[in-house]
Amino acid sequence: MDAQAVAVSCPTCKRTLDVMQRCTRCRKVYYCSKDCQLKHWPLHKTVCGDSSVKAPPGNSSARCGSSAGFAKQGDDDRGAAKVLDSSVTIRVKHKALKHTLQLPEGTTGLDCYGMISRQLRVPAEKMRLVSKGKVVRRGNIVDILKESAVFHAYGEQAECEDGLDQRDIKVLMTQLSVGM
């Protein structure tokens, strides 16, 4: 530890660790874990980014093990209301399959993300998209979309009854004791 560094405690649990991580938005508040950050977020979000929140004294870079470990709350949805200027055709690779999607002009980032999610049958909250090494979120997808863009999707497909015989579904429902 740097001799100038001052001990900083987690605002949620008051623990002090050798390596603490800080909020990636304001970079002024330190946490011992992501759980503590999430618990503290309802209180912290009111001042996060506010210049009146003071950074702890000492060498802040010596105290911050890695700021990459914490995601900002609401990060996925910032910019989700942006709309496409023109329609685009994109390719999405998922589980060794290639999908081609046409996204119409005027579609919001949230809707684009949803269309890809539905096409792949992967729940949007479980889906991860990557394009040219960048993580694609609902908030930045419109900025990344362009004609012939290629995306790699990761996520487990949701179960679906397509292609199943109704009798098989009834048997499964009975075996699992699930009401229809």
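Bear in mind that the values here come from a model prediction, so they are computed numbers and not experimental data. (Residues numbered from 1 in each chain as written. Predicted model: local features only at pLDDT ≥ 70, side-chain atom pairs only at ≥ 80, totals over all residues. Heavy atoms only, no water.)

In terms of helices and strands, the chain carries five helices and seven strands. Every one of the 180 residues in the chain was classed for burial, and the buried ones make up 30%. By sequence separation, contacts in the chain at least 24 residues apart represent 56% of the contacts at least 6 residues apart. As displayed, the chain has an accessible area near 11300 Å², and 51% of this comes from carbon and sulfur atoms. (Helix = DSSP H or I, 4+ residues; strand = E, 2+ residues; numbered from the N terminus. Buried < 20%, exposed > 50% of the residue type's maximum accessible area, 1.4 Å probe, protein only. Contact = heavy atoms within 4.5 Å. Areas by Shrake-Rupley, 256 points an atom, 1.4 Å probe, with all protein chains shown as cover.)

All right, on to the nonpolar core then. Grouped together as the largest cluster of nonpolar side chains are 21 residues, with contacts concentrated most on Ile 90, Val 92, Ile 116, Leu 129, Ile 141, Leu 145 and Phe 151. Counting only elements with at least two residues in this core, the list comes to strand E3 (88-94), strand E4 (97-103), helix H3 (109-120), helix H4 (141-144) and strand E7 (150-154). Top contributing element to this core by residue count: H3, with four residues. Not counting residues within four places of it along the chain, the set of residues in contact with Val 92 comprises Leu 97, Lys 98, His 99, Leu 101, Ile 116, Leu 120, Phe 151 and Ala 153. Counting residues in each nonpolar core, the second largest holds 12 residues, with Val 29, Tyr 31, Trp 41 and Cys 48 among its members. (Core = buried A, V, L, I, M, F, W, Y, C linked by side-chain atoms within 4.5 Å.)

Next up on the list: the pattern of salt bridges. Pairs may arise between side chains of opposite charge once their charged atoms sit close together. Enumeration over the complete set of coordinates arrives at two salt bridges. Close ionic contact of Lys 82 with Asp 143 constitutes a salt bridge, the shortest N to O distance being 2.9 Å. Taken together, the residues span a long stretch of sequence, with Lys 82 in the loop between helix H2 (60-63) and E3 and Asp 143 in helix H4 at a distance of 61 residues. Note that Glu 156 is salt-bridged to Lys 95, the shortest N-O span being 3.4 Å. (Salt bridge = Lys/Arg side-chain N within 4 Å of Asp/Glu carboxyl O.)

Before going further, it helps to examine H3. Between its first and last C-alpha, H3 extends 17 Å over 12 residues, near the 16 Å set by a 1.5 Å rise per residue. Taken residue by residue, H3 has Gly 109, Cys 112, Tyr 113, Gly 114, Ile 116, Ser 117 and Leu 120 as its buried positions. Check the buried side of H3 and you find it contacts E3, E4, strand E5 (128-131), strand E6 (134-136), H4 and E7. Residue Arg 121 follows H3 closely and has a positive phi angle near 60°. (Expected span 1.5 Å × (residues − 1).)

Right, let's get into helix H1 (residues 34-44). Within the sequence span of H1, burial applies to Cys 36, Gln 37, His 40, Trp 41 and His 44. One side of H1 holds all its buried residues, which, seen down the axis, span an arc of 150°. Seen from the open side of H1, the exposed residues pointing more than 90 degrees away from its buried face are Asp 35, Lys 39 and Pro 42. The inward-facing, buried residues of H1 abut strand E2 (30-31). (Arc of directions from axis to C-beta.)

Our next topic: the UniProt feature "domain: MYND-type" (unreviewed entry) in the chain. Residues given the UniProt feature "domain: MYND-type" (unreviewed entry) here are residues 10-48. The span residues 10-48 shows a helical share of 28% and a strand share of 10%, and its end C-alpha atoms are spaced 15 Å apart. (UniProt positions renumbered as here; feature names shortened; annotations may be inferred.)

Attention now goes to the packing of aromatic side chains. For the structure shown, the criterion picks out zero aromatic pairs. Arg 138 extends its terminal NZ or CZ atom over the ring of Tyr 113, reaching a point 5.4 Å from the ring centre. (Phe/Tyr/Trp six-rings, centres within 6.5 Å; stacked < 30°, edge-to-face > 60°. Lys NZ or Arg CZ within 6 Å of the ring centre and 35° of its normal.)

To continue, consider the sheet that holds E5. The mixed open sheet is built from five strands, whose spatial order is E4-E3-E7-E5-E6. Both outer strands of the open sheet, E4 and E6, are each paired with one neighbouring strand and no more. Here the strands of the sheet are splayed against their neighbours by 35° on average, with no regard to which way each runs. Running at roughly 145° to E4, H3 makes contact with E3, E4, E5, E6 and E7 of the sheet. (Pairing = 2+ DSSP bridges. Axes fitted to C-alpha atoms, helices over the stretch in contact; angles between N-to-C directions.)

What follows covers the environment of Gly 139. Tracing the backbone shows Gly 139 in the loop between E6 and H4. Given the relative accessible area of 8%, Gly 139 is considered buried. When the C-alpha positions of Gly 139 and Tyr 113 are compared, they lie 9.3 Å apart, and in sequence the two are 26 residues distant.

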